[in-house]
Amino acid sequence: MKNIVLFGFMGTGKSSVGKILAEKLNMSFLEMDEIIEKENRMTIDDIFKKHGEVYFRKLEKDLIKRISKNSSSVISTGGGVVLDEENVRLLSKKGILISLMASEKVVYERVKDETHRPLLKTENVLQKIKEMLDYRKLFYERAGYCIDTSDKTKEEVAEEVVRYVKGQINEDSKSKIRRT
Ligand code: S3P
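Okay, so let's go over this structure. These numbers were taken from a predicted model, which means no experiment stands behind them.

What counts and how
- Residues numbered from 1 in each chain as written.
- Predicted model: local features only at pLDDT ≥ 70, side-chain atom pairs only at ≥ 80, totals over all residues.
- Heavy atoms only, no water.
- Helix = DSSP H or I, 4+ residues; strand = E, 2+ residues; numbered from the N terminus.
- Buried < 20%, exposed > 50% of the residue type's maximum accessible area, 1.4 Å probe, protein only.
- Contact = heavy atoms within 4.5 Å.
- Axes fitted to C-alpha atoms, helices over the stretch in contact; angles between N-to-C directions.
- Parallel < 35°, antiparallel > 145°, perpendicular 65-115°, else oblique.
- Left-handed = near helix turned anticlockwise from the far one by under 90°.
- Nonpolar A, V, L, I, M, F, W, Y, C, P; charged D, E, K, R; others polar.
- Arc of directions from axis to C-beta.
- Polar contact = N/O pair within 3.5 Å; in protein donor to acceptor, adjacent residues only side chain to side chain.
- Pairing = 2+ DSSP bridges.

**Structural notes on the side chain of Lys61**
Then comes step 1: Its location among the elements puts Lys61 in helix α4 (residues 53–67).
Then comes step 2: Lys61 sits in the buried class, given a relative accessible area of 17%.
Then comes step 3: With sequence-adjacent residues up to four places away left out, Lys61 is seen in contact with Asp84, Glu86 and Asn87.

What follows is the structure, encoded as structure tokens:
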């Protein structure tokens, strides 16, 4: 079974949807930020503070090189993973890529009371989200399938992912039969 790779901006529900998916499909669950925090014994916020974003992106890429060799895993990525072409290429080798989307207002409502996201530690958070989303939208849209999560529960999003993944698996097996 291929990996299911969840891309998406901060606050689109990658981690919580990923957890539900892994349970539903009996797959292992890999939350990238959580793994980076464990391996470095430091929060993402502290890594940014102490070593800066470029260093964090190196840790992210190093982890992707390792986990993209897995199979049957649900991989919840950090929101900036899609900005690096090699990251996307590696994850697509053995993965079905799906982006979770949400409007800037919805993202804002979901993250405004949280304090652990280094890139959102700024005066005008809504404006910052808007700018980042405008820039990143096309990157997220490179995934094979995008789900607007704005008006959906996490369960509904997970069910939509399952439907899409099952469809992809059917397509794969049909094309294998055609080739034999
Ligand atoms: C980032 C998103 C964060 C985390 C880091 C950078 C980004 O992950 O990786 O703060 O560039 O969008 P979440 O999307 O899980 O919040």
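Moving on from the coordinates now.
**A short note on the packing of helix α6 (residues 104–111) against helix α7 (residues 125–140)**
Then comes step 1: Interhelical geometry of α6 versus α7 gives an angle of 130 degrees and a closest axis separation of 9 Å. Relative to α7, α6 is oriented oblique. Crossing geometry of α6 relative to α7 is assigned as right-handed. For the pair α6 and α7, contact is made by Glu104, Lys105, Val107, Tyr108 and Val111 and by Val125, Leu126, Ile129, Lys130 and Leu133, respectively.
Then comes step 2: Split by residue class, the contact of α6 with α7 holds seven nonpolar, no polar and three charged.

**Considerations on helix α5 (residues 85–93)**
Then comes step 1: If you check which residues of α5 are buried, you get Asn87, Val88, Leu90 and Leu91. Seen along its axis, α5 keeps its buried residues to an arc of 165 degrees; they face one direction. Exposed residues pointing more than 90 degrees away from the buried face of α5 are listed as Glu85 and Lys93.
Then comes step 2: Lining the buried residues of α5 we find β1 (3–8), α4, β3 (73–76) and β4 (95–101).

**Observations regarding the side chain of Ser150**
Then comes step 1: The topology assignment puts Ser150 in the loop between β5 (145–148) and α8 (154–179).
Then comes step 2: Take Ser150: its relative accessible area is 17%, and that puts it in the buried class.
Then comes step 3: At a separation of 3.2 Å, a polar atom in the side chain of Ser150 contacts the main-chain amide nitrogen of Ser103.
Then comes step 4: At a separation of 2.8 Å, a polar atom in the side chain of Ser150 contacts the side chain of Asp148.

**A few points about α6**
Then comes step 1: Along α6, the residues that are buried comprise Val106, Val107 and Val111. For α6, the arc enclosing every buried residue in end-on projection is 120 degrees, short of the 170-degree limit, so these residues lie on one face.
Then comes step 2: Residues of α6 that are buried in the fold lie against α7.

**Let's talk about the sheet that holds strand β2 (residues 28–31)**
Then comes step 1: What the five strands build is an open sheet, ordered β2-β3-β1-β4-β5; its pairing is parallel. Two strands lie at the open edges of the sheet, namely β2 and β5, each paired on one side alone. Between one strand axis and the next, the sheet turns through 20 degrees on average, direction left out of account.
Then comes step 2: In the sheet, β1 pairs with β4 via six bridges, with the strands oriented parallel. From the neighbouring strand, Phe7 faces β4, where its bridge partner is Ser99.
Then comes step 3: Of the strands in this sheet, β2 and β3 touch helix α2 (residues 32–40), which is tilted by about 70 degrees from β2.
Then comes step 4: Here α7 sits on the sheet in contact with β1, β4 and β5, set at roughly 150 degrees to β4.

Don't take any of this as a statement about function, it's just geometry.
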